[in-house]
Amino acid sequence: ALSPKKVCSFCLPRSFKSSTSNLQIYVGIDAILEQMRRKAMKQGFELNVMVVGQSGLGKSTLMNTLFKSKVSRKSVQPNPEERIPKTIEIKSISHDIEEKGVRMKLTVIDTPGFGDQINNENCWQPIMKFINDQYEAYLQEEIHINRKKRIPDSRVHCCIYFIPPTGHCLRPLDVEFMRRLSKVVNIVPVIAKADTLTLEERDDFKQTIREELRANGIDVYPQKEFDEDADDRMINDKIREMIPFAVVGSDQEYQVNGKRILGRKTKWGTIEVENIAHCEFAYLRDLLIRTHMQNIKDITGSIHYETYRVRRLNESNGHFSPHPSDHPAAQPKANGQHEEQPGGAAQPNGVAAQHEARSHEM
């Protein structure tokens, strides 16, 4: 017989194994979740949200309502005489938000002037260029030989598109913008100032918009093709049935039934922003922040940015030089414009500058 020192668990008699079967041996694999949580808490999170729509639809107010902070340009332009720009320009405002020890750098990208012209032909091009410029900046950082441990992420994770509450149908501008931009960024359409519609008008308008999106092949977030499993599909199908969200924004507080609420006061009562019986703001907030924020960022990185990266590397015929001194990357400024390189420097590997302005449509 073997000595006790040489007996292993596989050699133990069946009677001994059965006597120890009730013991629970803890290995500690689940501790990885706590390790990941601690690391994420140290690093913090980033979210870049673009808001697009014509003037007067409450874009700034809705963003301030979403994050319960003064995060949009309405709060940084106190001068009432300052006119809304009549040409499209991109303005980025970043804020550090902390809640229960969780830090997040939120960047709101505004597009003042969009849709405000008499002739809005090609008005989406500056927005498309800005989105592609952020992909290009990230790519240039990524291909450095000695790249940063954590690359700053200025890529647009989500674009909230504001639809005027006409109650009829989408405008040609709405269709063309979403058709082009849905291929390069996650688009979440919303009906702005939905309290101007009756409940019946709102439901009919939402149904009409969904039909037009399908008819024009516009795939807004959450995209059906990116559902990971049956559970995801079931959850996302419910969201897709609600798109576009009919929202109301307000940063004014009122007393209703002894509680302080965000709302809009009228002669007929108070419209409660976070009351799902009044509007769908709560569903939009849950999608963007509480349930799908990480998924939105994952799709940006693994789908939209990856599509751009593959196209750019293919354009360079495999000779994409990562050396920053040879091929300096244009760095995006806060207003979405790029600094010109001295002497009109060429783009990496002879890729013409015009490529940056193109979308990576498939």
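This write-up is about the structure you can find in this document. No experiment lies behind these values; they were computed from the predicted model shown.

1. As for the overall build of the protein
In step 1: Of regular secondary structure, the protein possesses 10 helices and 9 strands.
In step 2: In the protein, buried positions account for 42% of the 362 residues.
In step 3: Of the roughly 20700 Å² that the protein leaves accessible, carbon and sulfur atoms contribute 52%.

2. Here we look at the state of the cysteines
In step 1: For the structure shown, the criterion picks out 0 disulfides.
In step 2: C158 supplies the cysteine sulfur nearest to C159, a cysteine that is in no disulfide, at a spacing of 7.0 Å.
In step 3: Assessed through its relative accessible area of 0%, C159 is described here as buried.

3. So, helix 8 (residues 281-291)
An α-helical turn contains 3.6 residues, so a residue and the one three or four places further along point in the same direction.
In step 1: Within helix 8 the residues assigned to the buried category are F281, A282, L284, R285, L287 and L288.
In step 2: Those residues of helix 8 that are buried are in contact with helix 3 (59-67), strand 4 (158-163), strand 5 (187-191), helix 7 (230-242), strand 6 (245-246) and helix 9 (293-315).

4. Some thoughts on the sheet that holds strand 7 (residues 253-256)
In step 1: Overall, antiparallel pairing links the 3 strands, which are arranged 7-8-9 in an open sheet. Every other strand in the sheet has two partners, leaving strand 7 and strand 9 (269-272) as the edge strands with one partner each. On average, adjacent strands in this sheet sit at an angle of 70° to one another, irrespective of strand direction.

5. Looking at the pairing of strand 5
In step 1: Counting buried positions along strand 5 gives 5 out of 5 residues, so the element sits mostly inside the fold.
In step 2: Residues I187, P189 and I191 line one face of strand 5 and the alternating positions V188 and V190 line the opposite face, and both faces are buried.
In step 3: Sheet topology places strand 4 next to strand 5; 5 bridges connect them, and they run parallel. Across the sheet, the residue bridging to I160 is V188, located in strand 5.

6. Re a negative patch on the surface
In step 1: Where like charges cluster on the molecular surface, the negative patch consists of E200, E201, D203 and D204.
In step 2: Along the chain, the position of E200 falls in helix 6 (residues 199-215).

7. Brief notes about the nonpolar core
In step 1: Judged by nonpolar contacts, the single largest core of 77 residues is most densely connected at I127, I160, F177 and L181.
In step 2: Ranked by residue count, the leading element in this core is helix 4 (residues 125-142), at 7 residues.
In step 3: Among residues more than four places away in sequence, those in contact with F177 are V52, F114, W124, I127, C159, Y161 and I187.

8. Topic: the pairing of strand 8 (residues 259-266)
In step 1: Of the pairings in the sheet, the one linking strand 7 to strand 8 comprises 4 bridges and is antiparallel in character. Looking at strand 8, one finds that E253 is bridged to L262.
In step 2: With antiparallel pairing between neighbouring strands as the criterion, strand 7 and strand 8 make up a hairpin whose turn holds 2 residues, including N257 at a positive phi of roughly 50°.
In step 3: The pairing of strand 8 with strand 9 spans 4 bridges and is antiparallel. From the neighbouring strand, G263 faces strand 9, where its bridge partner is E272.

9. Considering the packing of aromatic side chains
In step 1: Using the criterion set out here, one finds 6 aromatic pairs in the structure.
In step 2: Ring plane angle 80° and centroid distance 6.2 Å describe the contact between F114 and Y161, whose orientation is recorded as edge-to-face. Residue F114 is found in the loop between strand 3 (102-110) and helix 4, and its partner Y161 is found in strand 4; the two are separated by 47 residues along the sequence. Of the two residues, F114 and Y161, both sit in the buried class.
In step 3: With 5.7 Å between their ring centres and 40° between their planes, Y135 and Y308 make a pair best called tilted.

Calculation rules
Residues numbered from 1 in each chain as written. Predicted model: local features only at pLDDT ≥ 70, side-chain atom pairs only at ≥ 80, totals over all residues. Heavy atoms only, no water. Helix = DSSP H or I, 4+ residues; strand = E, 2+ residues; numbered from the N terminus. Buried < 20%, exposed > 50% of the residue type's maximum accessible area, 1.4 Å probe, protein only. Areas by Shrake-Rupley, 256 points an atom, 1.4 Å probe, with all protein chains shown as cover. Disulfide = S-S within 2.5 Å. Contact = heavy atoms within 4.5 Å. Pairing = 2+ DSSP bridges. Axes fitted to C-alpha atoms, helices over the stretch in contact; angles between N-to-C directions. Patch = residues over 30% accessible without salt bridge, like charges linked within 9 Å, V, L, I, M, F, W, Y side chains within 5 Å. Salt bridge = Lys/Arg side-chain N within 4 Å of Asp/Glu carboxyl O. Lys, Arg positive; Asp, Glu negative; His and termini not counted. Charge placed at Lys NZ, Arg CZ, Asp CG, Glu CD. Core = buried A, V, L, I, M, F, W, Y, C linked by side-chain atoms within 4.5 Å. Phe/Tyr/Trp six-rings, centres within 6.5 Å; stacked < 30°, edge-to-face > 60°.

None of the figures reported here should be taken as evidence of function without further support.
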